[in-house]
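What follows is the residue order along each chain.
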Amino acid sequence: MSVLIAGAGIGGLATALSLHAAGIGGVRLLEAVPEIRPLGVGLNILPNAVRELDGLGLLERLSAVSVPTGSLGYYNRHGQLIWHEPRGRAAGYHWPQLSIHRGALQSVLAQAVRERLGPEAIVTGARVERFGELPVSGRVRVHAGGRDYEADALIGADGIRSAVRAALVPGEGPPPWNGLIVWRGTTWAPPFLDGHTMIIAGDDRRRAVIYPMSDPTTGGSVLMNWAVARAARPGEEFAPADWNRAVPPREFLADFADLAFDWLDVPALIRTADEAYVYPMVDRDPLPRWTHGPVTLLGDAAHAMYPMGSNGATQSIVDARALARHLAAAGGVREALAGYERERLPAVTRVQHSTRRRGPEVVIDLAHQRAPGGFRSVRDIFPGTELRDISEEFARTGGFDTATVNEGASR
């Protein structure tokens with residue numbers, strides 16, 4: 001069996017490694033950019049995806065360039081704690097949750113692909129321009145980067161602006177914007193709280209997400225990932241989604257100037273940032289199908305979602321492992337791709353709908369609506385088990401509750 005993968009991002013690279021581990025040869029990635037560079041900012045890999053990466057023999061490498069997330073805290077705009085929960089191994093998982101720079105994750109995966117599949121497995125400067133099914137063999141022919149390629153299957157893992165998706169779903173248009181603007185960056189700064197905590201703070205109009213991605217240096221600093229978001233003002237417009245659009249922090253610092261707490265100064269992180277990028281918060285509408293003959297979609301190309309609950313890279317990795325299992329076990333390509341879609345599409349569609357409702361971050365909205373000036377006790381505004389129920393429901397929806405991860409079978 002031969003497989004072409006459009007895109008050498010997180011999902012595409014994880015797919016190539018999973019196919020190789022499943023004994024499927026003839027795998028090649030077609031990457032649009034001329035050179036793979038460690039771009040981007042931070043992301044979190046949840047334990048269900050870390051388990052799959054561990055199954056690929058990559059946990060030791062990833063642990064060397066990441067921080068195990070020990071806890072997650074939600075705070076209101078006044079810095080008052082709404083909800084706190086342990087994460088990763090501290091929460092009883094057999095695998096950690098990892099906070100990592102996207103470029104570091106991509107570099108580890110790309111290095112493993114070149115080692116295991118060979119240096120020729122990743123073809124750069126090869127943007128998919130068109131493809132079609134061959135009438136007799138049923139194989140797919142792909143034209144990318146001025147060359148033609150043939151394979152038994154084509155996997156579209158080429159991101160939120162996927163060329164493969166655009167061909168399968170013509171006329172879909174640009175990703176829909178929810179009216180929020182996100183600025184993201186990294187800063188070397190002293191650790192806060194216990195040095196392994198991820199925090200999300202704000203109200204129903206503004207939000208800050210911050211976590212460390214490295215252990216302290218000899219000088220005591222860690223590489224901090226931060227993201228701040230606010231609702232767009234009337235008439236405010238932004239260029240199409242592109243995480244590489246850099247902006248000076250002074251352009252948006254004033255919007256978050258009051259998010260300074262005794263235990264963390266958010267404006268100071270922004271002011272001293274090494275880099276900052278602006279991005280309109282967009283996703284993709286769920287599709288009724290991903291698979292068309294010998295072609296299917298994976299990761300953001302299939303189900304781009306808002307960054308609520310750390311599910312983007314996580315679900316792409318789970319997709320990759322599930323797809324490889326179906327291709328290794330099924331009698332033919334079409335049967336395998338159909339089985340992959342039946343397994344993954346309904347599950348990820350539920351996550352997409354949940355992130356549109358703000359996922360677990362809805363507790364910050366509720367806290368602001370119920371007590372905009374703050375509260376004496378969080379129990380006054382969240383009675384009973386409401387906070388725990390919200391957290392556990394999202395974990396079940398995303399497939400990363402402890403029972404599913406620890407006791408279920410690997411994808």
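Now for a quick tour of the structure.

Here is what the cut-offs are and how they apply
- Residues numbered from 1 in each chain as written.
- Predicted model: local features only at pLDDT ≥ 70, side-chain atom pairs only at ≥ 80, totals over all residues.
- Heavy atoms only, no water.
- Salt bridge = Lys/Arg side-chain N within 4 Å of Asp/Glu carboxyl O.
- Helix = DSSP H or I, 4+ residues; strand = E, 2+ residues; numbered from the N terminus.
- Contact = heavy atoms within 4.5 Å.
- Axes fitted to C-alpha atoms, helices over the stretch in contact; angles between N-to-C directions.
- Parallel < 35°, antiparallel > 145°, perpendicular 65-115°, else oblique.
- Left-handed = near helix turned anticlockwise from the far one by under 90°.
- Buried < 20%, exposed > 50% of the residue type's maximum accessible area, 1.4 Å probe, protein only.
- Core = buried A, V, L, I, M, F, W, Y, C linked by side-chain atoms within 4.5 Å.
- Pairing = 2+ DSSP bridges.
- Expected span 1.5 Å × (residues − 1).
- Phe/Tyr/Trp six-rings, centres within 6.5 Å; stacked < 30°, edge-to-face > 60°.
- Nonpolar A, V, L, I, M, F, W, Y, C, P; charged D, E, K, R; others polar.

Before going further, it helps to examine the pattern of salt bridges. Tallied over the full model, the rule gives 25 salt bridges. In this structure, the salt-bridge partner of D203 is R77, at a minimum N-O distance of 3.9 Å. Of this pair, D203 sits in the loop between β14 (197-202) and β15 (206-212) while R77 sits in the loop between β5 (71-76) and β6 (81-86), and the two are 126 residues apart along the sequence. One network of salt bridges, in which partners are shared, links R77, D203, R206 and D258.

Glancing now at the side chain of D365. Within the element layout of this structure, D365 appears in helix α10 (residues 362-370). Those residues in contact with D365 that sit more than four places away from it in its chain are D203, D204, R207 and R358.

Moving on, we get to the packing of helix α1 (residues 10-21) against helix α8 (residues 312-329). When two helices pack together, their arrangement is captured by the angle between the axes and the distance separating the axes. Where α1 meets α8, the axes come as close as 8 Å, and the angle between the chain directions of the two elements is 30°. By the criterion of interaxial angle, the relationship of α1 to α8 is roughly parallel. Here α1 and α8 pass one another in a crossing that is right-handed. Where α1 abuts α8, its residues I10, G11, A14, T15, S18 and L19 lie against A313, S316, I317, A320, R321, L323, A324 and L327.

For helix α2 (residues 47-55), the buried fraction is high: seven of the nine residues fall into the buried class. For α2, the full list of buried residues reads P47, N48, A49, V50, R51, E52 and L53. Count one or two residues on from α2 and you reach G57, which has phi positive near 75°.

Judged by nonpolar contacts, the single largest core of 79 residues is most densely connected at I5, L30, I45, L58 and V113. The leading source of residues in this core is α8, at eight residues. The contacts of V113, once residues within four sequence positions are left out, are L13, A16, L17, L29, G118, A121 and I122.

Turning our eyes to something else, we now look at the sheet that holds strand β2 (residues 27-30). With respect to topology, five strands assemble into an open sheet ordered β8-β2-β1-β12-β20, the strand pairing being parallel. This sheet does not close on itself; its edge strands, each paired only once, are β8 (122-123) and β20 (295-297). Taken together, the two bridges between β2 and β8 define a ladder with parallel strand orientation. Bridge pairing in β8 links L29 to I122. Across the sheet, helix α9 (residues 333-356) touches β12 (153-156) and β20, and the angle it forms with β20 is around 20°.

For α8, built from 18 residues, the straight-helix expectation of 26 Å at 1.5 Å per residue is met to within 8% by its first-to-last C-alpha distance of 26 Å. Within α8, 14 of the 18 residues are buried, which leaves it mostly tucked inside the rest of the structure.

Take the packing of aromatic side chains next. The full count for this structure, using the stated rule, is seven aromatic pairs. An angle of 70° between the planes, with centres 6.0 Å apart, marks the rings of F394 and F400 as edge-to-face. When sorted by exposure, F394 lands in the same class as F400, which is buried. Three or more aromatic residues joined by ring pairs form one cluster here, namely W183, W226, F252 and F256.

One can describe the packing of α2 onto α8 by two numbers: an axis separation of 8 Å at closest approach and a directional angle of 45°. Comparing their axes, α8 and α2 come out oblique. Between α2 and α8 lies a crossing of left-handed hand. Contact residues: N48, A49, E52, L53 and G55 in α2; T314, I317, V318 and R321 in α8. A per-class count over the contact of α2 with α8 returns four nonpolar, three polar and two charged.

What follows deals with the sheet that holds strand β3 (residues 42-45). Reading across the sheet, the three strands line up as β3-β7-β4 and stay open at both edges, with antiparallel pairing between neighbours. In this open sheet, the two edge strands, each paired with only one partner strand, are β3 and β4 (66-68). Taking each pair of neighbouring strands and ignoring which way they run, the sheet shows an average axis angle of 25°. Direction of pairing for β4 relative to strand β7 (residues 98-101): antiparallel, over a ladder of three bridges. In the sheet register, P68 faces β7, and the bridge partner there is L98. Lying over the sheet, helix α4 (residues 102-117) contacts β3 and β7, oriented at roughly 90° with respect to β7.

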